[in-house]
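# Examination of the molecular architecture
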Amino acid sequence: MSKLLWAGLYRLRLNKTFWLCMGSMLVYSVLYMQSGYRTAAQDPTAHQYSLDLYYFHFALPISLYCAVLASMFLGTEYHDGTIRNKIAAGCTRTDIYLSSFLLTFLGTLFITAAWLLGALTGIFGLGLWKMDAGHLLLYLLIAVMFISAFSAVYTFIAMLYANKAGTVVFTMLLCLGLLLGASLIYNTLEQPEMLSDVIITSQGMQMGEALPNPHYVSGAMRDIYQRILEFLPSGQGLLLWQLEISHPLWMLASSLLIIAAANLGGILLFKRKNIK
């Protein structure tokens, strides 16, 4: 499989989509940080701002970058007949599948690294991280794991669906669906337990009596929603964006489960696939 990986990395180095993703992510991170410390400079509570608040904001768009890379890079394998040639050359289907997963994962990590490097420009306006080194490394590990989970899911689609255009459409829709689903669950959990109406009186606006919020989720159902949010790679990205990591071990275990299930199922189906 090492030969497949080296050949794939060489192809990745020449791939225009990969470099476009890296370049856009780098530019995006620099501009985003500049916007962040301009906001901090204009806010009287600027002491509350730090690099932490912006450094992990790659966690949501990285899903889209991963989907684009997997669909465009792996989709070309079918389009150009590369997979058929690999099989004819004696490569096993398991090695072909796993090398494709690793290439998608490594490519997405390179794109993430472009953000992390570009975001360091925020140090000049926001200072260093307020969190300790242990939390910083833990958050980066969580990011690596859910990026790997995204890579496994998108590789599953790209390796089993031979139509390149269809792969692009399907991965994009899945990406948006995962992000939308995570956002809906998060917004549901963010509902306040009590609501108060604003009443306009002769003395001005006053808060009315607090009443229970019918949309507030409590009890066991709240725990279920929270676990689902932390299970989804998109949910993990959203929580990392908000710096609201409360169950890191569950999140890491969830990513491992998705990686194992997607790759195992993908390999079994890919072995049975009729490649024309």
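What follows concerns the overall build of the protein. From N to C terminus, the protein includes 12 helices and two strands. When its helices and strands are written in sequence order, the protein yields α-α-α-α-α-α-α-α-α-β-β-α-α-α. Across the 276 residues of the protein, 42% fall into the buried class. Within the protein, residue pairs in contact and separated by at least 24 positions form 78% of the contacts whose partners lie at least 6 positions apart. Just so you have it, the protein exposes about 14,300 Å², and 67% of that area is on carbon and sulfur atoms.

Right, let's talk about the pattern of salt bridges for a bit. As enumerated under the stated definition, the model contains one salt bridge in all. Linking Arg227 and Glu230 is a salt bridge whose minimum nitrogen-to-oxygen distance equals 3.9 Å. In this pair, Arg227 and Glu230 are both assigned in helix H10 (residues 219-231), three residues apart and thus about one turn of the helix distant.

We now examine the packing of aromatic side chains. Ring pairs (aromatic) are described by centroid distance and by the angle formed between their planes. Under the counting rule described, the total for this entry stands at 16 aromatic pairs. On the numbers, 5.7 Å between centres and 85 degrees between planes, the contact of Tyr55 with Phe56 is edge-to-face. Residue classification places Phe56 among the buried residues on the basis of a relative accessible area of 0%. With 5.3 Å between their ring centres and 80 degrees between their planes, Tyr55 and Trp129 make a pair best called edge-to-face. One end of the pair, Tyr55, is in helix H3 (residues 52-55); the other, Trp129, is in the loop between helix H7 (123-126) and helix H8 (133-160), and 74 residues separate them in sequence.

As a further point, take the nonpolar core. Phe58, Ile111, Phe146 and Leu240 are the most contacted members of the largest nonpolar core, which totals 71 residues. If one sorts the elements of this core by residue count, H8 sits on top with 13 residues. Apart from residues no more than four positions distant in its own chain, Ile111 is found in contact with Phe18, Cys21, Met22, Met25, Ile62, Tyr65 and Leu69.

Here the focus is helix H11 (residues 233-241). Of all the nine residues making up H11, eight are buried; the element is thus mostly covered by neighbouring parts of the structure. Inspection of H11 places Pro233, Ser234, Gly235, Gln236, Gly237, Leu238, Leu239 and Leu240 among the buried residues, and these make up the whole buried set. Buried positions along H11 lie against H8, helix H9 (164-189), H10 and helix H12 (248-272). Looking at the residues trailing H11, positive phi occurs at Leu243, about 55 degrees.

This part covers a nonpolar patch on the surface. Side chains of Met221, Ile224 and Ile228 sit close together on the surface and give an oily, nonpolar patch of about 260 Å² of accessible area. Tracing the sequence through the fold places Met221 in helix H10. Judged by relative accessible area, Met221 falls into the partly exposed class, the value being 43%.

The rules we used
- Residues numbered from 1 in each chain as written.
- Predicted model: local features only at pLDDT ≥ 70, side-chain atom pairs only at ≥ 80, totals over all residues.
- Heavy atoms only, no water.
- Helix = DSSP H or I, 4+ residues; strand = E, 2+ residues; numbered from the N terminus.
- Buried < 20%, exposed > 50% of the residue type's maximum accessible area, 1.4 Å probe, protein only.
- Contact = heavy atoms within 4.5 Å.
- Areas by Shrake-Rupley, 256 points an atom, 1.4 Å probe, with all protein chains shown as cover.
- Salt bridge = Lys/Arg side-chain N within 4 Å of Asp/Glu carboxyl O.
- Phe/Tyr/Trp six-rings, centres within 6.5 Å; stacked < 30°, edge-to-face > 60°.
- Core = buried A, V, L, I, M, F, W, Y, C linked by side-chain atoms within 4.5 Å.
- Patch = residues over 30% accessible without salt bridge, like charges linked within 9 Å, V, L, I, M, F, W, Y side chains within 5 Å.

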